[in-house]
Structures are given as C-alpha cells and as structure tokens.
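Now for the letters of each chain:
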Amino acid sequence: MKATASDEGLPLYRQIVQELHAAILRNEYEPGKPFVSQREVCDRFGVSTATAIRALNEMVSQGILVRQRGRGTFVADSVRAAAAEDRPAQAPAIACVLFGLGSGHVSQMLSGVESRCKELGYRLFLSNSEASPEQELAALRRAREDGVSGIVLFPVEASGNALTIEEIRQSGIPVVMVDRYLPEIATAVVTADNFAVGYRVTEKLLQYGHRRIATLWDEIGCTSVRDRLTGHRQALTAHGIAEDANLTVLRAYHKMPPQARRMHLSSLLRSDDPPTALLCAHGYVLATVIQDLLEVEPGLLERIDLASMDDVAPFDIVPFIAAAAGLPSKEMGREAVGLLEESVTTRDPGLARHIVLPIDVREGARAAHALAQRAAGDD
C-alpha cells in the first residue's frame, strides 16, 4: 500500500505505525523473526527513509517493538501475548478458486464444497478466476498469504500456473484439482469419468444408427476434453467405425466468430458425406449450434440429431438432444474437500490420489427421432 495524508491530517509515520501494529495483532509476523526493515517500510508504503525510521522509532517508544543489539528489531513479547489473548480462535479455512460460476455444473460443485466445509468446520474463501490465468494466479497467491489449510482449484484452460501451484504444495498447503487437472504436476484430483462421457454418449448415438458423427468443441487445452475425445474415438473403434479426422478434429468451435462458425457448420453438413449427428462438448456449445443451424438453414434441425457430452447448459436441453451425459457435479466438490481434509489430517500436502466419479447418460426427446430415422433407412 501507499501511505497518504488522511482527511484528518494524520502524519504519514503514524499511519504506518497503525498499519504495522494492526498487522502484528493479526499475527502476520512470526515470533522470533526480525521485524520489517527500514528499506522494506520504504518500499511497502512508498515513503522516504526518514519517515520509515520515525515510524519504527515510534513503535519502539510505544513498546510495540524492541531492539536487540546485534540481532535486529522484534515484536515485543507483551504485544504478541496480548494479540494471542485478544484474538478469538478461528476455524481453519479452505480457498476455492473457480470460474464459470453462472453455470449449473460449477454452481453444483461449489454447493458440494460448501456443504462438506460446513460438515468439517472449515471456513470457505471463494475466488472467481473468470477463466483468466492471471486472475487464477492472483487468487492462488492470495490464498497462500491468507494462510489457508488447503485449496480446491478448478484450473483454467492452459493455466500456466503449475510452478506456483507446486510451490504452494511445497510450502505445506495441499491443493486438490476438480473437474480437470494439470498433467505436468502431481496433485490430488477429483473428476468425472470423462473417458466414459465420450464413450457412452457416442455409443448411444451408434445405437440409434448414426455412423457419421461430427464433434464440436469449446475448450481444447484441458484434460477433461482430451479424455472425452479419447472415449469418443474408442467407441467408434469398438463398433467398427473408421474415424474420419475431419469429424473428430479438436477445434474450438464455440470460440470462433459467428460467421466462421456458420461457415464451418455449413461446409460439414453440405459435404458429399455429411454427418447425421453433431456431438457437442457441452450444453452451451449445443445451444450455440442450434442458433447457428437456424441461421444456416432452419430445416437442418429436422434432419440431424444433436447430442451433448454433458447436460450443463443455459436451458433444459432434453427436448433438443438424442443423448447427454449427467455429471456428478456436487459430489465432485464434496470429494475434493474430503481429499483436502485427508491431506490436512495426515499432514501430507503431497497427497496425489485421483478420484474418478461415475457418470450417467440421459436420453432426450430427440432419441425417438433418431430411432425413427434409422427405421426409415432400414425400410
């Protein structure tokens, strides 16, 4: 912070004394460790050396600090004891760093985190990274500074914060990743069975008679997406369907400009051997696909089936889909806090156990349409 003259004209050195005294009462300085130096006061508060010296001298004269010859300046034992006596005992805290809080999936994950924290007596500090690696990094650093007992992290795509996360773990604060993970570091993880998501939804479409299935994606740089794509490919192989790279290419359809999206969709559906089903990464992609189909050619909605790799969406997608996977979102949040509790209890911040939760597959209203199309083709 920068010290500034207050409305009441409080001198800068007294502002510094108040701020540092408050930090001592918050137990921000370790017993037996030297207090901040003059240079650190200058850098932290943006003041001159003379002002820093005057503030520290004032704290010594008030008995807040003591100077020990040859060792440095320390918090007075009487002040530390008073701070400990006045400070009420607080429950341990967990930081939860998420993004996409408006979606049902993330809201349910957070609900699971909250309910398990309440059962275990943890306080919860929530941060929204807003899918920004920079904001995620700031939230992680804040959590470390707050001295939390553990962190639940829903990492953003292409996070780039693996080094900081590893440093936090090495400092003794366990980290549990939820929904996806960073393969370059070994942390505890709770995910849905994303391989099964891709496999089982694809298998359902194959049962409806589809042999040409195009995949449409949103994020492409996270483990959950890669696992779903692998499951999709394995389902095709298991049913003797040759993979067409044009249909399974990992392209961020949802992030394309509207005109580019519609051109891509149009070229897929008007090719010589077009797909008969579109398999969307999630319900938000599916909602965008519906809008794009209406723009390209409304009649296409009646000739093609839609499916989603999960049912997370801005509206009820059941009337529009042949199939979708249901995610155990709330249970993922609960299990993540459970892993943190295990790490805290065993004093093992390096715990790197993976929990993979089962999913289910829902048939939507369009499933009957797919079966009718298949019967018509057989005739």
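Cut-offs and rules
- Residues numbered from 1 in each chain as written.
- Predicted model: local features only at pLDDT ≥ 70, side-chain atom pairs only at ≥ 80, totals over all residues.
- Heavy atoms only, no water.
- Pairing = 2+ DSSP bridges.
- Helix = DSSP H or I, 4+ residues; strand = E, 2+ residues; numbered from the N terminus.
- Axes fitted to C-alpha atoms, helices over the stretch in contact; angles between N-to-C directions.
- Contact = heavy atoms within 4.5 Å.
- 1 Å grid on protein atoms, 1.4 Å probe; cavity = no way out; pocket = protein on both sides within 12 Å on 5 of 7 lines; lining within 4 Å.
- Points joined across faces, edges and corners; volume = space filled by probe spheres on them.
- Nonpolar A, V, L, I, M, F, W, Y, C, P; charged D, E, K, R; others polar.
- Buried < 20%, exposed > 50% of the residue type's maximum accessible area, 1.4 Å probe, protein only.
- Right-handed = clockwise from strand over helix to strand, strands pointing away.
- Core = buried A, V, L, I, M, F, W, Y, C linked by side-chain atoms within 4.5 Å.
- Expected span 1.5 Å × (residues − 1).
- Arc of directions from axis to C-beta.
- Phe/Tyr/Trp six-rings, centres within 6.5 Å; stacked < 30°, edge-to-face > 60°.

### A few points about the sheet that holds strand 13 (residues 360-363)
Then, in step 1: A sheet is described by the order of its strands in space; here 5 strands give the open sequence 8-9-10-11-13, paired in mixed fashion. A strand with exactly one partner marks an edge of an open sheet, and here the two such strands are strand 8 (213-216) and strand 13. The average undirected angle you get between the axes of adjacent strands in this sheet is 20°.
Then, in step 2: As defined by bridge partners, strand 8 adjoins strand 9 (residues 277-280) across 4 bridges and the pair is classed as parallel. Following the sheet pairing, I213 is matched in strand 9 by A277.
Then, in step 3: Helix-sheet contacts for helix 11 (residues 258-269) involve strand 8 and strand 9, and the interaxial angle to strand 8 is about 170°.
Then, in step 4: The sheet strands contacting helix 12 (residues 283-296) are strand 8, strand 9 and strand 10 (305-308), and the helix crosses strand 10 at an angle near 160°.

### Considering empty space enclosed by the protein
Then, in step 1: Applying the stated criterion across every chain yields a total of 2 cavities of 30 Å³ or more.
Then, in step 2: Approximately 50 Å³ is the volume found for the largest cavity.
Then, in step 3: Forming the boundary of the largest cavity are A214, T215, L216, W217, N246, L247, V249, R251, Y253, M256, H264 and L268.
Then, in step 4: Put simply, the parts of the chain that give the lining of the largest cavity at least two residues each are strand 8, helix 10 (245-248) and helix 11.
Then, in step 5: Here the element with the most residues in the lining of the largest cavity is strand 8; it accounts for 3 residues.
Then, in step 6: Residue composition of the lining of the largest cavity, grouped by class: 8 nonpolar, 3 polar and 1 charged.

### Section: the pairing of strand 9
Along a regular strand, successive side chains alternate from one face of the sheet to the other.
Then, in step 1: Both faces of strand 9 are covered, namely the face carrying A277 and L279 and the face carrying L278 and C280.
Then, in step 2: Taken together, the 4 bridges between strand 9 and strand 10 define a ladder with parallel strand orientation. Bridging from a neighbouring strand, L278 pairs with L306 of strand 10.
Then, in step 3: In this fold, the crossover linking strand 9 to strand 10 by way of helix 12 has right-handed handedness.

### Quick notes on the nonpolar core
Inside soluble globular proteins, nonpolar side chains tend to come together where they are buried.
Then, in step 1: The biggest cluster of nonpolar side chains holds 74 residues, and the ones touching the most others in it are V152, L278, V289 and L293.
Then, in step 2: For L293, the contacting residues outside a window of four places in its chain are L265, L269, L278, P298, L300, L301, I304 and L306.
Then, in step 3: Grouped together as the second largest cluster of nonpolar side chains are 20 residues, V17, L20, L56 and V75 included.

### A few points about helix 3 (residues 49-61)
Then, in step 1: The terminal C-alpha atoms of helix 3 lie 18 Å apart, and with 13 residues this matches the ideal 18 Å at 1.5 Å per residue to within 8%.
Then, in step 2: Looking only at helix 3, the buried set comprises T51, A52, A55, L56, E58 and M59. One face of helix 3 carries all of its buried residues, which in axial projection span an arc of 155°. More than 90 degrees from the buried face of helix 3, the exposed residues found are A50 and S61.
Then, in step 3: As for helix 3, its buried residues are in contact with helix 1 (12-25), helix 2 (38-45) and strand 1 (65-68).

### Quick notes on the pairing of strand 12 (residues 354-357)
Then, in step 1: Covered by surrounding structure in strand 12 are I355 and L357 only, the residues H354 and V356 on the alternate face being uncovered.
Then, in step 2: Relative to strand 12, strand 7 (residues 188-192) is paired through 4 bridges, and the arrangement is parallel. From the neighbouring strand, T191 faces strand 12, where its bridge partner is V356.

### Remarks on the packing of aromatic side chains
Each aromatic ring pair is specified by the distance between its two centres and by the angle formed by the two planes.
Then, in step 1: Across all of its chains, the model carries 3 aromatic pairs by this definition.
Then, in step 2: On the basis of an interplanar angle of 10° and a centroid distance of 4.4 Å, the ring pair of F99 and F154 is categorised as stacked. Separated by 55 residues along the polypeptide, F99 in the loop between strand 3 (93-98) and helix 5 (104-120) and F154 in the loop between strand 5 (150-153) and helix 7 (162-170) bring together distant segments of the chain.
Then, in step 3: Judged by its relative accessible area of 4%, F154 falls in the buried class.

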